[in-house]
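Summary of the model geometry
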Amino acid sequence: MTDQKRERDESEDWVRIFDTTLRDGEQSPGCTMNVEEKLSVARELETLGVDVIEAGFAAASPGDFESVRRVAETVTEPVVLSLSRTREGDIDRALSAVEGAKKPGIHIFIATSDLHLEHKLGMSRDEVVDAAVWAVTRAKSHVDYIEFSAEDASRSDLDYLCRVFGEVIAAGAIVCNVPDTTGYAVPEQTRELFRHLKAETPGGDRIVWSTHCHNDLGLAVANSLAAVEGGARQIECTINGIGERAGNTSMEECVMALATRHDHFGVATHINTRHIYPASRALSRVIGVAIAPTKPVVGDNAFAHEAGIHQDGVLKNVLTYEIMTPESVGRVSNRLVLGKHSGRHAFADRLRELGIDLERIDVNDAFARFKALADKKKEVFDEDLYAIASEDTDVVQRYQVVAVEVASSLETKPSATVTLSVDGLERSHTAIGDGIVDACYRAIKECIGVDPKLESYQVKGITGGTDAMGDVSCFIRVDDIGVRGRGTHTDVVIASAFAFVDAINRLEARRARRDHAGESAGEMREVGP
Ligand code: KIV
Ligand code: ZN
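Here goes a summary of the coordinates provided. Here the structure is a predicted model, which means the values were calculated and not measured.

At their nearest, the axes of helix α9 (residues 220-229) and helix α10 (residues 251-260) sit 10 Å apart, and the two run at 45° to each other. On the basis of the axis angle, α9 is oblique to α10. Judged by the sense of rotation from one axis to the other, the crossing of α9 with α10 is right-handed. Here Val-221, Ser-224 and Leu-225 of α9 lie close against α10, whose contacting residues are Glu-253, Cys-254, Ala-257 and Leu-258. Split by residue class, the contact of α9 with α10 holds five nonpolar, one polar and one charged.

Written out as structure tokens, the structure is:
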């Protein structure tokens, strides 16, 4: 059993964790984040101890540029990178975005498979080498930390790959990344690929080899671990494995595999594994995407023992059915923590233990919400506390839900009467709809006089039981601005109203910011890898 409490020991063989939640992860549908959300995730990543943060693709849009710039100014320990194509404009944007970082860097990529060369780039092999060398040389005159990626490497000709990597190393790349862009590789092949590249690429012994896998065949973690066996010393991954299509390599699974099977892999990471669970939950809350209960390490059931024979074994000796402790990834085994008699100190202590940064929330306000909930519920769970803490928001709440009344029966159409406070004045509307949530949203739209498109709506019971807090997340769009809203309440209809109104407040804040700064919406991408 491994309960990772490794001290940093530079003489030890270790693997860098390169996190691309904010770039490749954020590219997946439903995972877009605004600048503030990206900053909060970046802080989680720094607390986790990741070595490198890929903060975005600066040339993609003004919103992306701003996010990279702000992340670069915010974190101090990790290297902060921006992705860049081999174009001059991209490189200059990337360099300028990471300028304020304590440890700045740039990540340049170009495709190397014949398929991509012919159908996507329309370039010859020689032209691709020239473009890669030109880009690395240009960036190197401004910044030392340069990573080069050969997109679609796993489907590229091996000799050609050695040639490209050899040339960019000579031009100054210090990390060479070998992406399995389409999730096509299998572990045995990946292990051999890395062994070969390391041995046969000119200069391949003096740089860091990096793996970047996609999960189309469910092999991203297995391929990343095989790459480590083949000599890779950097894993590119995302929290919860979010990413394009079936996602990227999951950070928590790789890190815990390396920690739990240190006997096999013989390499360490710098990750503070006790922050894995809080960071995973924090990301899930920010993007409003739930974690599957069976997700290894962070899923609700990952440490739950249901079968009698397992429970019996675990009670006798936990090693019978557990290979790592829940505590080692920051999960607290005692899920029932506080009740209505708990005081402010106990409440604040518990939030701290859960990895919630008290400096960033209004503790008095959160405590008042906790007391209100404790009055309604018998038991307050950790997940309830996360929800309570995350209700803290920096968005001005111009619209606030004052009251929601709904009526529904088998015979009549559902109706809802909603009262909102708009700039301090109350407005009420009644509407009928296809369900009570639909009726409620129609009434809200009437009160405010807007008609945003509801692109997604998700409801989740945060804890078990019919008195659980309902956690609702919705994504709305007006023209080119899309925002997410969240709401929690023991009544899911009220939680739904909170989420919708929260989204409308955010939409308005975003519009106001854009009008002021001429900022274009973060979700609008001009280009993408
Ligand atoms: O999957 C991929 O090839 C990428 C590169 C841009 C590194 O994300
Ligand atoms: Zn990728």
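That shown, we press on.
Around ligand 1 sit Arg-23, Asp-24, His-107, Phe-109, Ser-149, Glu-151, Pro-179, Thr-181, His-212 and His-214, and those are all the residues in its vicinity. One of the side-chain nitrogen or oxygen atoms of Arg-23 is found 2.9 Å away from an oxygen atom of ligand 1. In isolation ligand 1 has 260 Å² of accessible area, and contact with the protein removes 97% of it. Of all the secondary structure elements, the ones that give two or more residues to the shell around ligand 1 are α1 (21-25), β4 (104-111) and β5 (146-151). Among the residues making up the shell around ligand 1, the classes are represented as two nonpolar, five polar and three charged.

This paragraph deals with the coordination of the zinc ion (ligand 2). Protein-derived ligands of the zinc ion (ligand 2) are Asp-24 (OD), His-212 (NE2) and His-214 (NE2), with the metal-ligand distances lying across 2.0 to 2.1 Å. Within one chain, the residues serving as donors to the zinc ion (ligand 2) are arranged as D-x187-H-x1-H. The two residues His-212 and His-214 agree in class, both being buried.

Another aspect to go through is helix α3 (residues 62-74). Within an α-helix, residues lying three or four positions from one another point in the same direction, as the helix has 3.6 residues per turn. Compared with the 18 Å implied by 1.5 Å per residue over 13 residues, the 18 Å span of α3 between its first and last C-alpha is a close match. Burial in α3 covers these residues: Gly-63, Asp-64, Phe-65, Ser-67, Val-68, Val-71 and Ala-72.

Right, let's talk about unusual backbone geometry for a bit. For residues that are not glycine, phi is negative in most cases, and the peptide bond is trans in most cases. Its identity as a non-glycine residue notwithstanding, Asn-240 has a phi of 60°, on the positive side. Position of Asn-240 among the secondary structure elements: in the loop between β8 (234-237) and α10.

A few words now on the sheet that holds strand β2 (residues 52-56). Working definition: the strands of a sheet are paired by backbone hydrogen bonds and lie parallel or antiparallel to each other. On the basis of which strands lie adjacent, the closed barrel formed by eight strands has the order β1-β2-β3-β4-β5-β6-β7-β8 and parallel pairing. Across the sheet, the mean angle separating the axes of adjacent strands is 25° when strand polarity is ignored. As judged from the six bridges shared by β4 and β5, these two strands associate in the parallel manner. Residue pairing in the sheet places Ile-110 in a bridge with Ala-150 of β5.

Together, Leu-454, Tyr-457, Val-459 and Val-492 line one region of the surface with nonpolar side chains, adding up to about 310 Å² of accessible area. Top element by residues in the nonpolar patch is strand β14 (residues 453-461). It accounts for three residues. Along the chain, the position of Val-492 falls in helix α18 (residues 492-517).

So, about the pattern of salt bridges. Once their charged atoms are close, side chains differing in charge can pair, the charge on each being opposite to the other. Inspection of every chain in the model, using the stated rule, returns 34 salt bridges. Across the pair Arg-233 and Asp-13 runs a salt bridge whose closest N-O atoms are separated by 3.0 Å. Within this pair, whereas Arg-233 is found in the loop between α9 and β8, its partner Asp-13 is found in the segment before β1 (16-19), the two being separated by 220 residues in sequence. On the basis of relative accessible area, Asp-13 is assigned to the partly exposed category, the value being 36%. Here Arg-125 ties to Asp-157 by a salt bridge, and the two come within 3.8 Å at their closest N and O atoms. Linking Arg-125 in helix α6 (residues 125-140) with Asp-157 in the loop between β5 and α7 (158-171), this pair joins segments that are 32 residues apart in sequence. Residue Arg-125 is classed as partly exposed on the basis of its relative accessible area, which comes to 29%. Given the relative accessible area of 33%, Asp-157 is considered partly exposed.

Procedures and definitions
- Residues numbered from 1 in each chain as written.
- Chains lettered and ligands numbered in written order.
- Predicted model: local features only at pLDDT ≥ 70, side-chain atom pairs only at ≥ 80, totals over all residues.
- Heavy atoms only, no water.
- Axes fitted to C-alpha atoms, helices over the stretch in contact; angles between N-to-C directions.
- Helix = DSSP H or I, 4+ residues; strand = E, 2+ residues; numbered from the N terminus.
- Parallel < 35°, antiparallel > 145°, perpendicular 65-115°, else oblique.
- Left-handed = near helix turned anticlockwise from the far one by under 90°.
- Contact = heavy atoms within 4.5 Å.
- Nonpolar A, V, L, I, M, F, W, Y, C, P; charged D, E, K, R; others polar.
- Near = heavy atom within 4 Å.
- Polar contact = N/O pair within 3.5 Å; in protein donor to acceptor, adjacent residues only side chain to side chain.
- Areas by Shrake-Rupley, 256 points an atom, 1.4 Å probe, with all protein chains shown as cover.
- Donors = N, O, S within 2.8 Å, 3.2 Å for Na, K, Ca; no water.
- Buried < 20%, exposed > 50% of the residue type's maximum accessible area, 1.4 Å probe, protein only.
- Expected span 1.5 Å × (residues − 1).
- Pairing = 2+ DSSP bridges.
- Patch = residues over 30% accessible without salt bridge, like charges linked within 9 Å, V, L, I, M, F, W, Y side chains within 5 Å.
- Salt bridge = Lys/Arg side-chain N within 4 Å of Asp/Glu carboxyl O.

By themselves these figures say nothing about function.
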